[in-house]
Amino acid sequence: MNANGECYPTQDQIASALNLSRAAANRRIKALCEYRWQERPLVVKQKARDPKTQRWDNARYTIMPISQLAIFDGDTEELT
């Protein structure tokens, strides 16, 4: 995930990370994208085509600020 909350995992990467089949992972992603907290989404999925090949690129998932998830905030300690 980048500083804007955007990430670009493939369906296979998500399924592998969750130890699920691709179909099961897709159902969970869909449910997460449909979920609303205070009528606002926590995760937004956007699909786009590669302008050169017209093939689908990886979906872009944006973790919205309302989720209060962050990877770059807070104290950091250097690992040695």
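Because the structure is a prediction, the values reported are computed rather than measured.

Definitions and cut-offs
Residues numbered from 1 in each chain as written. Predicted model: local features only at pLDDT ≥ 70, side-chain atom pairs only at ≥ 80, totals over all residues. Heavy atoms only, no water. pLDDT = per-residue confidence, 0-100. Helix = DSSP H or I, 4+ residues; strand = E, 2+ residues; numbered from the N terminus. Contact = heavy atoms within 4.5 Å. Pairing = 2+ DSSP bridges. Salt bridge = Lys/Arg side-chain N within 4 Å of Asp/Glu carboxyl O. Buried < 20%, exposed > 50% of the residue type's maximum accessible area, 1.4 Å probe, protein only. Core = buried A, V, L, I, M, F, W, Y, C linked by side-chain atoms within 4.5 Å. Polar contact = N/O pair within 3.5 Å; in protein donor to acceptor, adjacent residues only side chain to side chain. Phe/Tyr/Trp six-rings, centres within 6.5 Å; stacked < 30°, edge-to-face > 60°. Lys NZ or Arg CZ within 6 Å of the ring centre and 35° of its normal.

Enquirer: Which parts of the structure should I look at to understand the confidence of the model for the chain?
Expert: Reading predicted coordinates in detail is not appropriate for stretches of low pLDDT. Scored by pLDDT, the chain comes out at a mean of 84, with 86% of its residues at no less than 70. Mean pLDDT across the secondary structure elements of the chain bottoms out at strand E1 (residues 6-7), with 90, and peaks at helix H2 (residues 22-34), with 94. pLDDT under 50 marks residues 75-80. Its contacts with residues more than four places away, or in other chains, come to 0 contacts.

Enquirer: Explain the sheet that holds strand E4 (residues 43-46) here, please?
Expert: Hydrogen bonds between backbone atoms are what pair the strands of a sheet, whose relative direction is either parallel or antiparallel. The antiparallel open sheet is built from 3 strands, whose spatial order is E1-E5-E4. Whereas interior strands pair on both sides, the edge strands pair on one side only; in this sheet they are E1 and E4. As paired strands, E4 and strand E5 (residues 60-63) are joined by 4 bridges and run antiparallel to one another. Bridging across to E5, Gln-46 finds its partner in Arg-60.

Enquirer: What is the right way to read the pattern of salt bridges from this model?
Expert: A side chain of one charge can pair with a side chain of the opposite charge when the charged atoms of the two come close. Scanning all chains against the criterion turns up 3 salt bridges. Between Arg-22 and Asp-12 there is a salt bridge, with its nearest N and O atoms 3.7 Å apart. Placement of Arg-22 in helix H2 and of Asp-12 in helix H1 (residues 11-18) is noted, with a sequence separation of 10 residues between them. Note on Asp-12: relative accessible area 47%, which makes it partly exposed.

Enquirer: Would you mind going over the nonpolar core with me for this structure?
Expert: Generally speaking, soluble globular proteins have nonpolar side chains that are buried together. Of all hydrophobic cores here, the largest spans 12 residues; its members are Cys-7, Ile-14, Ala-15, Ala-25, Ile-29, Cys-33, Leu-42, Val-43, Ala-59, Tyr-61, Ile-63 and Ile-66. Listing elements by their share of this core, those giving two or more residues are H1, H2 and E5. In terms of residues, this core owes the most to one element, H2, which gives 3 residues. Dropping the residues within four chain positions of it, Ala-25 is found in contact with Ile-14, Ala-15 and Leu-20.

Enquirer: How should I be thinking about the side chain of Ser-67 in this particular structure?
Expert: By the element assignment, Ser-67 lies in the segment after E5. A polar contact is formed between the side chain of Ser-67 and the backbone oxygen of Met-64, at a distance of 2.7 Å.

Enquirer: How should I be thinking about the packing of aromatic side chains in this particular structure?
Expert: Counted under the stated rule, the structure contains 0 aromatic pairs. One residue, Lys-47, lies across the ring of Trp-56, its end atom 4.6 Å from the ring centre. The ring of Trp-56 has Arg-49 lying over it, and the distance from NZ or CZ to the ring centre is 4.1 Å.

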